[in-house]
Number of protein chains: 2
Amino acid sequence: MKFETLRDAGLLGAMSAEGRELVLPQGIFYWSGRAKQEAEINATIGSAQGKSSEFLEGGGDDVRTFYLPSVVKHLKALDPEKIAPYAPICGLPRYRVAWREWIIRKLSPFYKFDSALIGQPIVSPGVTSGLAYVARLFASPGDTIVCHDRRWENYDLVLSDMLGLKIRAARLFNEAGSGLDVDSFVDAVRETAKTQDVVAILNFPNNPTGYMPTVDEGLALQKALLKVADESGKKLILVFDDAYDGFVYEKNAAQISLFGHFIGAHPNILPVKCDGASKEFLFYGARVGSVTFAYHPSWGEPAKLSAEFDNKVGALIRGTISNSNLAFQHAVAAAIESGVECDSERARVISVLAERYSIIKSAMASNLPESAVADPFNSGFFCFINLNPPAEDFADKLLKNRKLGVIPLSDSSTGFNGIRVAFCSVEAKDIPETIDRIVAELDK
Amino acid sequence: MKFETLRDAGLLGAMSAEGRELVLPQGIFYWSGRAKQEAEINATIGSAQGKSSEFLEGGGDDVRTFYLPSVVKHLKALDPEKIAPYAPICGLPRYRVAWREWIIRKLSPFYKFDSALIGQPIVSPGVTSGLAYVARLFASPGDTIVCHDRRWENYDLVLSDMLGLKIRAARLFNEAGSGLDVDSFVDAVRETAKTQDVVAILNFPNNPTGYMPTVDEGLALQKALLKVADESGKKLILVFDDAYDGFVYEKNAAQISLFGHFIGAHPNILPVKCDGASKEFLFYGARVGSVTFAYHPSWGEPAKLSAEFDNKVGALIRGTISNSNLAFQHAVAAAIESGVECDSERARVISVLAERYSIIKSAMASNLPESAVADPFNSGFFCFINLNPPAEDFADKLLKNRKLGVIPLSDSSTGFNGIRVAFCSVEAKDIPETIDRIVAELDK
């Protein structure tokens, strides 16, 4: 977009220095918009979808965004006094208690930690805002922030464009393409720690690759980062972008966020969990996410730390959006409190996605030609296929010639080039055909 | 708050330059928190409250936050497909159409304008975020922004602390205290326009004073600002903070936002309407607000301008919070579409507030001593009483000695010192007693 009308009207010139430069990248929206119009099979959509019979008792053939009936039920049962008023700046106390219990419940089977060291979740509108607030709290314009080469494309807008941070991109996968490149990330953190305290983001299950570290990789990462924390003497702010927490389909993968490895683990490490109802409770439109800090015992009383973090993050919230939606905090809290009902609904959706995962995994393994290399994946909503032909051209051809919609992603600085396939929104019966069409277009 | 625990843990030092300085002011929350505990009459709460019999058919003596039954009904009737998915970044198209119609419907009886010049509202989570996005789009750190001395206290956090802007505060009232000081605001805009394009905020009905300009004052302001636009050659970005739009209780006051005076009025004036469902639809916790630009015919096609503004503001939205709550956009849109039902519910609430307004106005007129001067008021949720004794001391005494909660506000740089009385949340029967207690404490 060139903003010629605003420019000619003299309005572009009246904007702030930042305002003049702002551009909303059209990539994902362009491709998902075209797919809606042109595709028979649409693998662009980043939310779980399918026939209602797949996730609802008594459902039918109508195609829907998956949701959790109990959460919707709780929303609709709310007294207006739980809908109309403002929520407190840092979140509804009921929600903060429930979400903290939810985090502890998820982590407990897989990690040893002292739950007293987990702070009160601070509520903000979605995981995006939580990440943005944490980055703003810990990194000044011009600072370097560490994340992966394969990352949610919006990181660049949130971190670089909005906050003026430099992204140092570690390789997500090792050169053999067999799994996590632990060293690349740790090296990036170590290198950055030579000159500053470090904010580093770990997004697992990863968007766009659908990768969750194995249990062993998680342990190796923990060990190596503890060593950097020891040796560098700098603070490491480890930000866990856990938007897809729990959508894991292989037994050798870590089942829940690596956040669990870092709770109270080192006085130089501040683990921060950014997560939310958007994916975990299939409540994308709710805009309920949160930021949860974990403390080291040497830092003082957790209650005092939480109060001080509430004030700091609360200032960012109050100074940008005032507070978050109240009703959806009540609805999600009620679902968490209800326990079994909601758990079984979530399990059903996860099992649908796990089945799609298995089908696409085996279809890719048996059919993809050597020129198209799938990244390792075992979790999340997506998988990623590396390509030789320019990704955008290929996605265009897939749409035109095969009526298949995918999201092309590329980054000339890292050589990253390929397509993201959202198996979360393609029904199992269409998945083999999805891969067949990709293969057919590659073979042409 | 001194952040001693974060400091001793080394975490304060690990924060960004901005993060180290951040403080969420406790003022309003401190006083409303104390009032909840200590007050018999609580006039601190900034949302309309009262017995349900005051606003509900078949209501009783239970005290509630006022709401519009039809909006809640529409929310609860939503199909999950209108709850679970993401809303588009700039808002649900249905909502954008409905809110634009709502703006036009409100303005039409009072202003002459070409509705084709009103852009598509851009949705963001509440009026706060809309103001913050507009200020960020048009003002760079270090720039001056014009607003009034009597202003919502959060402006200082949003504009100064978050965006690094300098606030130039015009006097809201003339020296006689009889009405709007048109000259002070216009002078501030003119002075600022000597060195930069100007962003200026007009918040009417005003928080904390409950003042809406008279029709004549509105015309005088329009005329004077058009003259500045002519003579300065700078762009004037006139931002209308219309959070309380339509809550007007006197016939000689402008009934709806002065935004109506500036639509297409001058090629150097960009009017921007920031408003939302929070107060207008008594849906505080919904977090649905919007930003609406109005264009000059010489600027080119409104559709192109809207598309370009969508991209600019969309970048800010996507880069900070991704998108806004979906379900509440549907619910408010449905209420607007339904027309009469919702209008009559709103009228009922406004008439309850108008009655409280009349009672407090006459109680103050007959009882306040000369040492306590009420600011002019005719609208909104609050009124403001100027005091000689330090406002915080007085509010503390009111709580301790009279069990009455109010919000003290003061600003040593402008000499502003007094108490905000929220008649929106005090039942009519308690209002004379509210004033009596203030008078008794003043007389002591």
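Residues numbered from 1 in each chain as written. Chains lettered and ligands numbered in written order. Predicted model: local features only at pLDDT ≥ 70, side-chain atom pairs only at ≥ 80, totals over all residues. Heavy atoms only, no water.

Participant: Hey, could you go over the overall build of chain A for me, with residue numbers and the actual values?
Facilitator: Within chain A, the regular secondary structure consists of 15 helices and 15 strands. Over its C-alpha trace chain A gives a radius of gyration of 22 Å, about what one expects of a compact globule, namely 22 Å for 444 residues. Its C-alpha atoms put chain A at 65 × 60 × 55 Å along the principal axes. Within chain A, contacts between residues separated by at least 24 positions form 73% of all contacts whose residues are at least 6 apart in sequence. A total accessible area of about 15,100 Å² is found for chain A, and carbon and sulfur atoms account for 51% of it. For chain A, the separation between the mean place of its 47 positive charges and that of its 55 negative charges on side chains is 3 Å. (Helix = DSSP H or I, 4+ residues; strand = E, 2+ residues; numbered from the N terminus. Rg over C-alpha atoms; globule rule 2.2 N^0.38 Å. Contact = heavy atoms within 4.5 Å. Areas by Shrake-Rupley, 256 points an atom, 1.4 Å probe, with all protein chains shown as cover. Lys, Arg positive; Asp, Glu negative; His and termini not counted. Charge placed at Lys NZ, Arg CZ, Asp CG, Glu CD.)

Participant: An account of the nonpolar core is requested, with residue identities and associated values reported.
Facilitator: One finds A:Phe281, A:Phe293, A:Phe309, B:Phe281, B:Phe293 and B:Phe309 to be the most contacted residues of the largest nonpolar core, which totals 340 residues. Apart from the residues within four sequence positions on either side, B:Phe293 is in contact with B:Leu117, B:Ile118, B:Gly119, B:Ile122, B:Leu137, B:Phe138, B:Leu270, B:Pro271, B:Val272, B:Phe309 and B:Val313. (Core = buried A, V, L, I, M, F, W, Y, C linked by side-chain atoms within 4.5 Å. Buried < 20%, exposed > 50% of the residue type's maximum accessible area, 1.4 Å probe, protein only.)

Participant: With reference to specific residues and values, describe empty space enclosed by the protein.
Facilitator: By the definition in use, this model includes four cavities of 30 Å³ or more. When its volume is computed, the largest cavity comes out at roughly 50 Å³. Taken together, A:Pro125, A:Ala286, A:Arg287, A:Asn323, A:Ser324, A:Asn325, B:Pro125, B:Ala286, B:Arg287, B:Ser324 and B:Asn325 make up the full set of residues lining the largest cavity. For the lining of the largest cavity, a count of residues per class yields four nonpolar, five polar and two charged. (1 Å grid on protein atoms, 1.4 Å probe; cavity = no way out; pocket = protein on both sides within 12 Å on 5 of 7 lines; lining within 4 Å. Points joined across faces, edges and corners; volume = space filled by probe spheres on them. Nonpolar A, V, L, I, M, F, W, Y, C, P; charged D, E, K, R; others polar.)

Participant: Would you mind going over the interface of chain B and chain A in detail, with residue names and values included?
Facilitator: With 90 residues of chain B at the interface, the matching set in chain A holds 90 residues. A:Glu153 is paired through a salt bridge with B:Arg318; the nearest N and O atoms lie 2.5 Å apart. Applying the counting criterion to the chain B and chain A interface returns 59 residue pairs in polar contact (both at pLDDT 80 or more). The dominant element in the side of chain B that touches chain A, judged by the number of residues it contributes, is helix α11 (residues 302–318) of chain B, at eleven residues. Looking at side-chain class alone, the side of chain B that touches chain A contains 50 nonpolar, 22 polar and 18 charged residues. (Salt bridge = Lys/Arg side-chain N within 4 Å of Asp/Glu carboxyl O. Polar contact = N/O pair within 3.5 Å; in protein donor to acceptor, adjacent residues only side chain to side chain.)

Participant: A description of the sheet that holds strand β11 (residues 373–374) of chain A should follow, citing residues and the corresponding values.
Facilitator: In sheet architecture, strand pairing relies on hydrogen bonds along the backbone and comes in two forms, parallel and antiparallel. Residue and element names in this part refer to chain A. Read from one edge of the open sheet, four strands run β11-β12-β15-β14, paired in antiparallel fashion. With partners counted over all chains shown, the strands left at the sheet margins are β11 and β14 (407–411), one partner each. The sheet contact formed by β11 and strand β12 (residues 383–386) spans two bridges and is antiparallel. Each bridged residue has a counterpart across the sheet, and for Ala374 the counterpart in β12 is Ile385. (Pairing = 2+ DSSP bridges.)

Participant: With reference to specific residues and values, describe unusual backbone geometry.
Facilitator: Among all residues except glycine, the phi angle is most often negative; among peptide bonds, the trans geometry is most common. Note the cis peptide between A:Phe204 and A:Pro205, where omega equals -15°. Mapped onto the elements of the fold, A:Pro205 is located in the loop between β7 (198–203) and α9 (215–232). Residue A:Pro208 follows A:Asn207 across a cis peptide bond; omega there is 20°. Position of A:Pro208 among the secondary structure elements: in the loop between β7 and α9. Positive phi values are uncommon outside glycine, yet A:Arg287 reaches one of about 60°. The phi dihedral of B:Lys403 is positive, around 50°, even though this residue is not glycine. Examined against the element boundaries, B:Lys403 turns out to sit in the loop between α14 (391–402) and β13 (404–405).

Participant: So what's going on with the domain arrangement of chain A? Residues and values would help.
Facilitator: All names here are of chain A. Splitting chain A by domain gives domain 1 (4–68 + 342–443) and domain 2 (80–338). Summarising the inter-unit geometry, the C-alpha centres of domain 1 and domain 2 are found 24 Å apart. With 38 residues of domain 1 at the interface, the matching set in domain 2 holds 35 residues. Contact with domain 2 buries area across many residues of domain 1, yet Arg346, Pro376 and Asn378 alone supply 21% of it, more than any other trio. Taken together, the connections running from domain 1 to domain 2 amount to two salt bridges. (Domains from an automatic or database assignment. Buried area = accessible area lost by both parts, 1.4 Å probe.)

Participant: Summarise the pairing of strand β5 (residues 144–148) of chain B; cite the residues concerned and give the values.
Facilitator: All names here are of chain B. Burial runs high along β5: five of the five residues are buried. You can see the chain leave β5, run along helix α7 (residues 154–161) and come back into strand β6 (residues 166–170), and the turn it takes is right-handed. Here two bridges tie β5 to strand β7 (residues 198–203), and the two strands are oriented parallel to one another. Across the sheet, Val146 pairs through a bridge with Ala200, a residue of β7. (Right-handed = clockwise from strand over helix to strand, strands pointing away.)

Participant: I'd like a rundown of helix α12 (residues 326–338) of chain A, residues and numbers included.
Facilitator: For α12(A), which comprises 13 residues, the first-to-last C-alpha distance of 19 Å matches the rise-based estimate of 18 Å (1.5 Å per residue) to within 8%. In terms of burial, α12(A) is a largely internal element, eleven of the 13 residues being buried. Every buried residue belonging to α12(A) is among A:Leu326, A:Ala327, A:Phe328, A:Gln329, A:His330, A:Ala331, A:Val332, A:Ala333, A:Ala334, A:Ala335 and A:Ile336, and all of these are buried. Looking at the buried side of α12(A), the elements it contacts are α4 (69–76), α5 (93–107), β4 (122–124), α10 (277–280) and α13 (340–367) of chain A together with α12 (326–338) of chain B. Between the side-chain oxygen of the N-cap and the backbone nitrogen of A:Ala327 there are 3.1 Å, and the N-cap of α12(A) in question is A:Asn325. In the segment just after α12(A), A:Gly339 is the residue with positive phi, at about 70°. (Expected span 1.5 Å × (residues − 1).)

Participant: A description of the packing of helix α4 (residues 69–76) of chain B against α12(B) should follow, citing residues and the corresponding values.
Facilitator: Residue and element names in this part refer to chain B. Across the interface, α4 lies against α12 with an axial gap of 8 Å and an inter-helix angle of 130°. Taken together, α4 and α12 sit at an angle that is classed as oblique. Pair α4 / α12 crosses with right-handed handedness. Contacts between α4 and α12 involve Ser70, Val71, His74 and Leu75 from the first element and Ala327, Phe328, Ala331, Val332, Ala334, Ala335 and Ser338 from the second. Looking at the contact of α4 with α12 residue by residue, the class counts come to eight nonpolar, three polar and no charged. (Axes fitted to C-alpha atoms, helices over the stretch in contact; angles between N-to-C directions. Parallel < 35°, antiparallel > 145°, perpendicular 65-115°, else oblique. Left-handed = near helix turned anticlockwise from the far one by under 90°.)

Participant: Can you tell me about the packing of aromatic side chains, naming the residues and giving the values?
Facilitator: Applying the stated criterion across every chain, the model contains 52 aromatic pairs over all chains. For the ring pair B:Phe55 and B:Tyr67, a centre distance of 5.3 Å and an interplane angle of 80° mean the geometry is edge-to-face. One end of the pair, B:Phe55, is in the loop between β2 (49–51) and β3 (63–65); the other, B:Tyr67, is in the loop between β3 and α4, with twelve residues separating them in the sequence. No difference in accessibility class separates B:Phe55 from B:Tyr67, as the two residues are buried. Consider the rings of B:Trp99 and B:Trp102, whose centres lie 6.4 Å apart with planes at 50°: the pair is tilted. Taken together, the residues span about one helical turn, with B:Trp99 and B:Trp102 both in helix α5 (residues 93–107) at a distance of three residues. Of the two residues, B:Trp99 and B:Trp102, both sit in the buried class. Here the aromatic cluster, defined as three or more aromatic residues joined through ring pairs, consists of A:Tyr95, A:Trp99, A:Trp102 and A:Phe281. When the ring centre of B:Phe382 is taken as reference, the NZ or CZ atom of B:Arg420 above it lies at 3.7 Å. (Phe/Tyr/Trp six-rings, centres within 6.5 Å; stacked < 30°, edge-to-face > 60°. Lys NZ or Arg CZ within 6 Å of the ring centre and 35° of its normal.)

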